[in-house]
Number of protein chains: 2
Amino acid sequence: MAAGGTFDLQDFLPYLLNQAAEATSRGFQSTYRDRYGLTRTQWRVMANLGRFGAMTARDICRISHIEKTKVSRAVAGMEAEGLLTRATSDQDRRVENLSLTPKGRAVFAEIGQRALAFDADLRTRLGPDVAARVDSILREIIALQSDGAITEDD
Amino acid sequence: MAAGGTFDLQDFLPYLLNQAAEATSRGFQSTYRDRYGLTRTQWRVMANLGRFGAMTARDICRISHIEKTKVSRAVAGMEAEGLLTRATSDQDRRVENLSLTPKGRAVFAEIGQRALAFDADLRTRLGPDVAARVDSILREIIALQSDGAITEDD
DNA sequence: TTGACTTGGTTGCAGTTGCAACTATTAATC
DNA sequence: GATTAATAGTTGCAACTGCAACCAAGTCAA
């Protein structure tokens, strides 16, 4: 902590979180970007569809706290790549049910495996003590802020 | 953790870190952006200059892991706002020694105070147990990755 | 039915970013 | 000294982002 009222960026929690997030995200980025040409948002959309099956863009926004324009554009790009399909809902024609194509599922399976390995490696290197605590701490921090603004970026 | 080899984004450490970083950064963004018209990078450059005094753009890059083009543009903007000055080094005329103007120092003092309060509030709300551990955990994560790629984004 | 309101999703625009290529200066090698 | 490499910082460009404005569809109330 900084001495006597002097602010030190290196001790600022939002900064530390950003640095840690950047450091780890960077490491995994090459997997979805260089190998499969996906953006981070596209990868996240894919991860949601892969995990939960068919869902709407709105659902993805709610679950992952991604801004709806980002989801919209990610979906458009993935559709163009044949990774997912949209099906307009019969009940409500504003709604589009999104689901991965076989190709999309195949890509998700591959990146998902790499993600599991990446995560496991990270936790191994952190050691069991840290690995055991880090999730709950981060979830606490996330929960703290969600009382306030709902907006999101990346 | 995800069951039997199925990847779950919600348990992926890089994702959790990003969510936590976004959540907290968002909360503080209004302070430097809305009140003083600074970008995040500009605020970080300012924080470094405020803490360490005169330094070069390269130093800021090294210390804060910010990409040099971002620093370059942040510095240009801050100079235009009268927040900092550049002085070409006599020893090496490629180098520019950056330092905050009185106006820049005043702005830093104000934002710095708010940052201290923001950080303290965050830690209070997290509770002493978490607050005590979170720094070292994040620093460990940051240190882990710094063996690998050096690149940076925001 | 009509109108006001809400909601799912898209688009336009201006601003930011990352990367590669660039200039200018210094260091190293011959 | 001349040539080559390295370094500090800038710029062009294409991609990505956030926000506000928008469209189309559905809801609600009279």
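Residues numbered from 1 in each chain as written. Chains lettered and ligands numbered in written order. Predicted model: local features only at pLDDT ≥ 70, side-chain atom pairs only at ≥ 80, totals over all residues. Heavy atoms only, no water.

In the structure shown here, the tally under the stated rule is five cavities of 30 Å³ or more. What the largest cavity holds in volume is close to 80 Å³. If you go around the largest cavity, the residues you meet are A:Leu9, A:Phe12, A:Pro14, A:Tyr15, A:Asn18, B:Ser25, B:Phe28, B:Tyr32, B:Arg40, B:Trp43 and B:Arg44. Looking at the lining of the largest cavity, the elements with two or more residues in it are helix 1 (13–33) of chain A together with helix 1 (13–33) and helix 2 (40–52) of chain B. Residue composition of the lining of the largest cavity, grouped by class: seven nonpolar, two polar and two charged. By volume, the second largest cavity is sized at about 70 Å³. Of all the secondary structure elements, the ones that give two or more residues to the lining of the second largest cavity are helix 1 and helix 2 (40–52) of chain A together with helix 1 of chain B. Of the residues contributing to the lining of the second largest cavity, the split by class is seven nonpolar, two polar and two charged. (1 Å grid on protein atoms, 1.4 Å probe; cavity = no way out; pocket = protein on both sides within 12 Å on 5 of 7 lines; lining within 4 Å. Points joined across faces, edges and corners; volume = space filled by probe spheres on them. Helix = DSSP H or I, 4+ residues; strand = E, 2+ residues; numbered from the N terminus. Nonpolar A, V, L, I, M, F, W, Y, C, P; charged D, E, K, R; others polar.)

A separate point is the packing of helix 1 of chain A against helix 5 (residues 102–126) of chain A. All names here are of chain A. Packing of helix 1 against helix 5 leaves a shortest axis separation of 10 Å and a crossing angle of 155 degrees. By the angle between their directions, the pair helix 1 and helix 5 is classed as roughly antiparallel. Like other packed secondary-structure pairs, helix 1 and helix 5 cross with a definite hand, here right-handed. On helix 5, the residues that touch Thr24, Gly27, Phe28, Thr31 and Tyr32 of helix 1 are Ile111, Arg114, Ala115, Phe118 and Leu122. Its residues placed into classes, the contact of helix 1 with helix 5 shows six nonpolar, three polar and one charged. (Axes fitted to C-alpha atoms, helices over the stretch in contact; angles between N-to-C directions. Parallel < 35°, antiparallel > 145°, perpendicular 65-115°, else oblique. Left-handed = near helix turned anticlockwise from the far one by under 90°. Contact = heavy atoms within 4.5 Å.)

What follows concerns the interface of chain B and chain A. With 62 residues of chain B at the interface, the matching set in chain A holds 62 residues. Carbon and sulfur atoms make up 61% of the area that chain B and chain A hide from each other, which totals about 6400 Å². Across the chain B-chain A interface, the total number found is four salt bridges. On inspection of chain B and its partner chain A, the count reaches 16 residue pairs in polar contact (both at pLDDT 80 or more). The biggest single contributor to the side of chain B that touches chain A is helix 1 of chain B, with 16 residues. (Buried area = accessible area lost by both parts, 1.4 Å probe. Salt bridge = Lys/Arg side-chain N within 4 Å of Asp/Glu carboxyl O. Polar contact = N/O pair within 3.5 Å; in protein donor to acceptor, adjacent residues only side chain to side chain.)

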